[in-house]
Amino acid sequence: MKFAQIIDFKTERFDDMDRLMDQWVEQTKGKRTATRGLIGKDRADGSHFVEVVEFPSYDEAMANSQLPETNRIFEEMVALCDGTPTFTDLDVVRDEQLNAATVRRFFHEVAGGGNLDAVDEIFAADYADHDIIKDEETVVGADVIRQDVSSWRDAFDFTFSLDRQICEGDDVVTLWTWTGTHKGDFMGIAPTGKVCTMTGTTVFRCKDGMIQEGWWHEDALGLMKQLGAAG
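Owing to the predicted nature of the structure, the values given are computational and were not obtained by experimental measurement. (Residues numbered from 1 in each chain as written. Predicted model: local features only at pLDDT ≥ 70, side-chain atom pairs only at ≥ 80, totals over all residues. Heavy atoms only, no water.)

**Regarding the pattern of salt bridges**
Counted only if it meets this: Salt bridges are identified by distance alone: a Lys or Arg side-chain nitrogen within 4 Å of an Asp or Glu carboxyl oxygen. Helix and strand definitions here come from DSSP, where helices need a minimum of 4 consecutive H or I residues and strands a minimum of 2 consecutive E residues; each element is numbered from the N-terminal end. Whether a residue is buried, partly exposed or exposed follows from its accessible area with a 1.4 Å probe, protein chains only, as a fraction of its type maximum: under 20%, in between, or over 50%, in that order.
According to the stated counting rule, one finds 14 salt bridges in the structure shown. Here Glu69 makes a salt bridge to Lys31, at a shortest N to O gap of 2.4 Å. Of this pair, Glu69 sits in helix H3 (residues 68-80) while Lys31 sits in the loop between helix H1 (14-27) and strand E2 (36-41), and the two are 38 residues apart along the sequence. Owing to a relative accessible area of 40%, Lys31 belongs among the partly exposed residues under this scheme. The partner of Lys134 in a salt bridge is Asp129, with the nearest N and O atoms 2.9 Å apart. Salt bridges linked by common partners bring Arg13, Asp16 and Arg19 together as one network.

**Re the pairing of strand E10 (residues 210-218)**
Quick reminder of the rule: In this analysis, strands are considered paired if DSSP registers two or more bridges between them.
Bridge count between strand E5 (residues 123-131) and E10: 5 bridges; the pairing is parallel. When the sheet's bridge partners are listed, His130 is paired in E10 with Trp215. Two strands pair when backbone bridges link them, and strand E9 (residues 195-207) and E10 are joined in this way by 8 bridges, in the antiparallel orientation. Bridge pairing in E10 links Gly200 to Glu218. Counting the residues that bridge the hairpin from E9 to E10 gives 2 residues, and of these Asp208 lies at a positive phi of roughly 55°.

**Thoughts on the side chain of Thr11**
For clarity, the cut-off: Under this definition, polar contacts are N or O atom pairs within 3.5 Å; protein pairs additionally need one hydrogen-donor-capable and one acceptor-capable atom, and for neighbouring residues in sequence, both atoms have to be side-chain atoms. We call two residues in contact whenever any of their non-hydrogen atoms come within 4.5 Å of each other.
Its location among the elements puts Thr11 in the loop between strand E1 (3-10) and H1. A relative accessible area of 2% means that Thr11 is categorised as buried. At 2.7 Å, the side chain of Thr11 forms a polar contact with the backbone oxygen of Leu80. In contact with Thr11, not counting residues within four places along its chain, are Met17, Ser47, Phe49, Leu80, Cys81 and Asp82.

**Quick look at H1**
Residue pairs three or four apart in sequence face the same way in an α-helix, which turns once every 3.6 residues. We apply this condition: Expected helix span is taken as 1.5 Å per residue step, with the number of steps being one fewer than the number of residues. Think of the arc as the fan of directions from the helix axis to the C-beta atoms.
Between the first and last C-alpha of H1 there are 20 Å, a value that for 14 residues agrees with the 20 Å anticipated at 1.5 Å per step. Considered for burial, the residues of H1 that qualify are Met17, Leu20, Met21 and Trp24. Seen from one end, H1 has its buried residues packed into an arc of 100°, which puts them on one side. Within H1, the exposed residues directed more than 90 degrees away from the buried face are Asp15 and Glu26. Packing partners of the buried residues in H1 comprise E1, E2, strand E3 (48-55), helix H2 (58-65) and H3.

Structure, rendered in structure tokens:
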């Protein structure tokens, strides 16, 4: 589970604090486990600051705190503060940006890149798939993604362009354009060598950083027309 730490502190010497943090970033390059940091200043009190540091997990945060550079910089940071900073440890239970990044990883790394090993890192084991071009209303299991990606990649060399992405709550809506070269059998149609495009929308529902459910709406009829299989 993703983890975040909030550091609340007061200082009249923020410029010195800022330079200190730059030193820590430079000295821990390649070793630190923090993935993102943000500092905000209180509009009502110019000496009051709040830093939010994100980590992939609590264990990674603990590994980061044990770096000798972290301990040394923390001691120097406290010396610049008015009083002792306070720390709040948070298990992240919802992160819309993380969900969006997970979905983009699917389109680019798994679907477009063919990395099927990443499926288990992205999709829940009981993932539920809904696709208008399938006979079954709902297909359950992460293997459905492996099978779908494999069959499409056997039939086409393709890429996804993500035209727009909207995140709200646990849902990530992606409007995409698919471009593929027909190289193998597809729904009984022999390879044509044609370059085709198809637009569509996918809604993924995420939970705990994994994709839990998906709804696919694609212009399959338009694709079939380009392949010469529909009038």
